[in-house]
Amino acid sequence: MRKLVEAGQSASTSSFLQAYSIIGVDDVKIKENLKEVSGQPYVVENGYLFVFVIDYYRHRLIDDNAETNMETAYGSTEGLLVGAIDAALVAENIAVTAEDMGYGIVFLGSLRNDVERVREILNLPDYVFPLFGMAVGEPADDENGSAKPRLPFEHVFHHNQYNDDKEQQREQIKQYDQTISGYYDKRTNGQRQETWSQQIETFLGNKARLDMLDQLRKAGLIQR
Ligand SMILES: Cc1cc2nc3c(=O)[nH]c(=O)nc-3n(C[C@H](O)[C@H](O)[C@H](O)COP(=O)(O)O)c2cc1C
């Protein structure tokens, strides 16, 4: 666990702010409580659970004795981006290190289903905001999953300038839809055949977690 966290900490960090913390959870009761928020069994059934938070609590302590007003910066939208990017880089470092060590991982954005409850469960103070979790564990023996195909290179890589050719993008998405439909078909023996576009429509049409701005503001972040 320590090796993973230290690998995470070696990630680049914007302006050396280190505006994140990692909460390691192995207490079963706390995991159970987090599972109620997430609704996903592997929040409990794992080797170890990390929760990644934006953290300006330590900067707030420096601010207490500072001559300038720092809150304008860490309470800004830019402060939010910096903290979220920092935490994502740390988490991805941990993910690749864990996978290199033979473990499996799954990210858990579902912890944001109820931010207030997560704050309570993890005793998060002001200026700290839960972004996502990561369950780490031994991959199951019956793990037969092949890698989920990503969007084609040409679709996500733009040379020198953004290519906003709608026809081209639509055509690439259409082809990718077939790839993903085939992937699910094969992986589930025909039980699932949905396309990527259908998944996206379901997910984004669902309009979940629309309270994030309120929750961030309650934590003292994104004031401007
Ligand atoms: C920030 C973040 C949050 C995620 N949250 C969840 C989650 O709550 N539950 C889940 O099962 N997968 C979650 N995932 C995993 C993605 O669904 C998964 O990475 C994506 O479908 C691609 O599949 P693959 O990583 O297995 O190739 C999350 C991934 C990221 C990066």
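Reading guide: rules and limits
- Residues numbered from 1 in each chain as written.
- Predicted model: local features only at pLDDT ≥ 70, side-chain atom pairs only at ≥ 80, totals over all residues.
- Heavy atoms only, no water.
- Salt bridge = Lys/Arg side-chain N within 4 Å of Asp/Glu carboxyl O.
- Helix = DSSP H or I, 4+ residues; strand = E, 2+ residues; numbered from the N terminus.
- Buried < 20%, exposed > 50% of the residue type's maximum accessible area, 1.4 Å probe, protein only.
- Arc of directions from axis to C-beta.
- Contact = heavy atoms within 4.5 Å.
- Polar contact = N/O pair within 3.5 Å; in protein donor to acceptor, adjacent residues only side chain to side chain.
- Core = buried A, V, L, I, M, F, W, Y, C linked by side-chain atoms within 4.5 Å.
- Near = heavy atom within 4 Å.
- Areas by Shrake-Rupley, 256 points an atom, 1.4 Å probe, with all protein chains shown as cover.
- Nonpolar A, V, L, I, M, F, W, Y, C, P; charged D, E, K, R; others polar.
- Axes fitted to C-alpha atoms, helices over the stretch in contact; angles between N-to-C directions.
- Parallel < 35°, antiparallel > 145°, perpendicular 65-115°, else oblique.
- Left-handed = near helix turned anticlockwise from the far one by under 90°.
- Domains from an automatic or database assignment.

### A short note on the pattern of salt bridges
Phase 1 of the analysis: Taken as a whole and judged by the stated rule, the model has seven salt bridges.
Phase 2 of the analysis: When the shortest N-O distance is used, the salt bridge between E116 and K218 registers 2.5 Å. Within this pair, whereas E116 is found in helix α6 (residues 115–122), its partner K218 is found in helix α10 (residues 212–218), the two being separated by 102 residues in sequence.

### Let's talk about helix α2 (residues 28–38)
Phase 1 of the analysis: Looking at α2, one finds that the buried residues are K31, N33, L34, V37 and S38. Angular distribution of buried residues about the axis of α2 spans 160°; they occupy a single face of the element. The exposed residues of α2 that point more than 90 degrees off its buried face are V28, K29 and E36.
Phase 2 of the analysis: Packing partners of the buried residues in α2 comprise β1 (20–25), β2 (48–55) and α6.
Phase 3 of the analysis: Its side-chain oxygen at 2.9 Å from the backbone nitrogen of K29, D27 defines the N-terminal cap of α2.
Phase 4 of the analysis: Once α2 finishes, G39 follows within two positions and takes phi at roughly 75°, a positive value.

### What about the nonpolar core?
Phase 1 of the analysis: Grouped together as the largest cluster of nonpolar side chains are 31 residues, with contacts concentrated most on F50, F52, I54, Y56, I94, F129 and M134.
Phase 2 of the analysis: Among the elements of the structure, α1 (2–9), β2, α5 (77–100), β4 (128–137) and α10 are those that each provide at least two residues to this core.
Phase 3 of the analysis: Considering each element in turn, this core owes the most residues, eight residues, to α5.
Phase 4 of the analysis: Setting aside its immediate chain neighbours within four residues, M134 contacts Y48, L49, F50, F52, A91, I94, A95, I105, V106, F107 and L108.

### Digging into the site of the ligand
Phase 1 of the analysis: Contacts to the ligand come from Q40, Y42, V106, F107, L108, G109, S110, K148 and R150.
Phase 2 of the analysis: A distance of 2.7 Å separates an oxygen atom of the ligand from a polar side-chain atom of K148.
Phase 3 of the analysis: Interatomic distance of 2.7 Å between a side-chain N/O atom of R150 and an oxygen atom of the ligand.
Phase 4 of the analysis: For the ligand, whose free accessible area comes to 620 Å², the fraction covered by protein is 50%.
Phase 5 of the analysis: Among the residues forming the shell around the ligand, the class breakdown is four nonpolar, three polar and two charged.

### Quick word on the packing of α1 against α5
Phase 1 of the analysis: Packing of α1 against α5 leaves a shortest axis separation of 7 Å and a crossing angle of 135°. Looking at the two axes, α1 sits oblique to α5. In this structure, α1 crosses over α5, and the sense of that crossing is right-handed. Touching L4, V5, A7, G8 and Q9 of α1 are V90, N93, I94, T97 and A98, all from α5.
Phase 2 of the analysis: Partitioning the contact of α1 with α5 into residue classes produces six nonpolar, four polar and no charged.

### Here we look at the domain arrangement of the protein chain
Phase 1 of the analysis: For the protein chain, the assigned domains are domain 1 (2–141) and domain 2 (153–200).
Phase 2 of the analysis: Inter-centroid distance (C-alpha atoms) of domain 1 to domain 2 is 30 Å.

### A short note on the side chain of S38
Phase 1 of the analysis: With respect to the helices and strands, the residue S38 is situated in helix α2.
Phase 2 of the analysis: A polar atom in the side chain of S38 sits 2.9 Å from the side chain of S110.
Phase 3 of the analysis: Discounting residues that sit within four places of it in the chain, S38 has contacts with V43, S110, L111 and N113.

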